[in-house]
Amino acid sequence: MTVSPSIAVIGAGYVGLIQAVGLAKQGHSVVCIDVSAERINQLQAGVPPIYEEGLEELLGEVIAAGRISFSLEVNSAAECDAFFVAVGTPTEEKTGNANLGYLYTAVDDISQIARKGAVLVVKSTVPIGTCERLQIRLDERVPEKNLSVVSNPEFLREGRAIQDFFQPERVVLGGADVAALNKVREIYSVFDKDKVPFLISDWFSSETIKYAANAFLAMKVTFINEIANLTQTVGGDIEIVSKGIGLDSRIGEQFLNVGPGYGGSCFPKDTLALATMARRHGVQQQILEAVIAVNDNRRYMILRRVEDILDQKLRGRRVAVLGIAFKANTDDVRDSSAVSIIHTLLDEGAVVRAYDPMAKYETSDSNYQQSSSVEEAMDGADLTLIVTEWDEFKNYDYNSQLASVGQAKILDLRLSLKSRQDELSDWDLNFIGINSLNNN
Ligand SMILES: NC(=O)c1ccc[n+]([C@@H]2O[C@H](COP(=O)([O-])OP(=O)(O)OC[C@H]3O[C@@H](n4cnc5c(N)ncnc54)[C@H](O)[C@@H]3O)[C@@H](O)[C@H]2O)c1
């Protein structure tokens, strides 16, 4: 039997669902609410609507323990003391700002049913100043309820989200009400204080930490991709260059892997939102704006390399795209570089067959088809493009495919096959960031 919940999580997406299941596993009694009936039905049946390693088992465990329930009705959270809000804040197409429509709707709904003294914890990534504005809104609309807003940005990485929930590198909280901050701190008291740093600050600093962290990581990715353009043209091996840079402890090795450009549900929208917000305040972030522009152009750098390999003839040529998700171990295709590369190829008249172990992508272009295996995607291909770093592509037996491809050409945007060059010597193997003359 499910005990009455003390914590509500609003939004059962990548962030909300992990938060809800994670808190339930830590012993809290949680209700997770979403506006999507399909999502809630699936979750009530113990089926995760997203792919995340280990999620299905954990979900089954906390459902069986009676510590989690799922609902379409915010009313079912009326007895809760804390509401973790994890709804989407996607890019507003016209302005580049974060669209706060879902957040405001969720907060207004909560304000109607919450009991006195409840805390609203904002996990969604929101522009600097949002939490303060939410607090003012609540104080004006339901002053008698003394609701408090706490900022608690999320840093999980899709693909290792469960691990990130249970072993966060830090917990950031921001707010103006010490009692509310302590209440959230208490909810997270399971985390070992000696192992998990807690940063308690004001709303503004907390919100800025989230955007600045993503902007910095996007900058690292973009930086190495630009250096890769140089090694590819002038000479050198970007993998060794990355290692040589990253071994400097002031720089660090992470996020220095060459690739198709950053994508996903966070970096593109958060970099754009931060740059837009800064412009609005008259403090243009020039580095960040350059990062966005360079990353946007990355697909054309890749297109040029594809054209070189295919002797400048792309129209009507068959390209197998391996990987649709924005990175390995997720099914998320939001703002995926693979998707923008697919469209860039289609715009040039190529015929694209894409395959991904988990992600799905459809478009009405008749030159595009999603295949159900690597084999099917590569059948008849003039070029195979490795875009996402799935293990399946690292380990695939490409030699078994030699007879069925149109041309034995591979362009590897993740350096997945670099250690297998001898074994794949019958292939014309090209790596991004490495001049084709140095390839073999
Ligand atoms: N996905 C990530 O890796 C990640 C990491 C850190 C931060 N974030 C941030 O967390 C937030 C959520 O991201 P996500 O990837 O989980 O989004 P998502 O789209 O996967 O999930 C959002 C969920 O909220 C639901 N929803 C919308 N309005 C609602 C309402 N009024 N009441 C109840 N449910 C509602 C949607 O139906 C959806 O299921 C965003 O601000 C994002 O920037 C995401």
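Residues numbered from 1 in each chain as written. Predicted model: local features only at pLDDT ≥ 70, side-chain atom pairs only at ≥ 80, totals over all residues.

Moving on to the pairing of strand E4 (residues 82-85). Of the two faces of E4, the one carrying Ala82 and Phe84 and the one carrying Phe83 and Val85 are both buried. Here 4 bridges tie strand E1 (residues 7-10) to E4, and the two strands are oriented parallel to one another. Following the sheet pairing, isoleucine 7 is matched in E4 by alanine 82. Taken together, the 4 bridges between E4 and strand E5 (residues 119-122) define a ladder with parallel strand orientation. From the neighbouring strand, valine 85 faces E5, where its bridge partner is valine 122. With respect to chirality, the unit in which E4 leads through helix H4 (residues 101-113) into the neighbouring parallel E5 is right-handed. (Buried ≥ 20, exposed ≤ 12 C-beta atoms within 10 Å, placed from the backbone. Helix = DSSP H or I, 4+ residues; strand = E, 2+ residues; numbered from the N terminus. Pairing = 2+ DSSP bridges. Right-handed = clockwise from strand over helix to strand, strands pointing away.)

So, on to the site of the ligand. The ligand sits among 27 residues. The nearest are Gly11, Gly13, Val15, Ser124 and Thr125. Looking at the shell around the ligand, the elements that each hand over two or more residues are helix H1 (14-25) and H4. When grouped by side-chain class, the residues that make up the shell around the ligand number 12 nonpolar, 10 polar and 5 charged. (Near = placed C-beta within 6 Å. Nonpolar A, V, L, I, M, F, W, Y, C, P; charged D, E, K, R; others polar.)

A few words now on unusual backbone geometry. Backbone geometry places asparagine 146, a non-glycine residue, at a positive phi of 50 degrees. For asparagine 146, the position within the fold is in the loop between helix H5 (130-141) and strand E6 (148-151). Non-glycine residue glutamine 312 carries a positive phi angle of around 70 degrees. In this fold, glutamine 312 is placed in the loop between helix H11 (286-309) and strand E9 (318-322).

Our next topic: the sheet that holds strand E11 (residues 368-370). Strand order in the open sheet made by the 6 strands is E11-E10-E9-E12-E13-E14, with parallel pairing throughout. The open sheet terminates on both sides in strands that have one partner only, identified here as E11 and strand E14 (428-431). The sheet shows a mean angle of 20 degrees between the axes of neighbouring strands, direction not considered. By the bridge criterion, 3 bridges tie strand E12 (residues 383-386) to strand E13 (residues 409-412) in an arrangement that is parallel. (Axes fitted to C-alpha atoms, helices over the stretch in contact; angles between N-to-C directions.)

When two helices pack together, their arrangement is captured by the angle between the axes and the distance separating the axes. Interhelical geometry of H11 versus helix H12 (residues 337-347) gives an angle of 55 degrees and a closest axis separation of 10 Å. Judged by the inter-axis angle, H11 sits oblique to H12. As for how H11 packs across H12, the hand of that crossing is right-handed. Here H11 contributes Arg299, Ile302 and Leu303 to the contact with H12, which in turn contributes Ser340, Ile341 and Thr344. Residue classes in the contact of H11 with H12 are distributed as 3 nonpolar, 2 polar and 1 charged. (Parallel < 35°, antiparallel > 145°, perpendicular 65-115°, else oblique. Left-handed = near helix turned anticlockwise from the far one by under 90°. Contact = placed C-beta atoms within 7 Å.)

Another point: the nonpolar core. Ranked by size, the top nonpolar core spans 126 residues in total, and within it Ile10, Phe83, Val85 and Val321 carry the most contacts. Composition of this core by domain shows at least three residues from each of domain 1 (7-200) and domain 2 (215-438). Contact partners of phenylalanine 83, with chain neighbours within four places excluded, come to Ala8, Ile10, Ala77, Ile110, Ala114, Ala118, Leu120 and Val121. (Core = buried A, V, L, I, M, F, W, Y, C linked by C-beta atoms within 7 Å. Domains from an automatic or database assignment.)

Another point: the pairing of E1. Where a strand is regular, its side chains alternate between the two sheet faces. Burial along E1 is two-sided: the face carrying Ile7 and Val9 and the face carrying Ala8 and Ile10 are both buried. With 4 bridges connecting them, E1 and strand E2 (residues 30-33) associate as parallel partners. Note on E2: the bridge partner recorded for isoleucine 7 is valine 30. Assessed by its sense of winding, the connection that carries the chain from E1 through H1 to E2 is right-handed.

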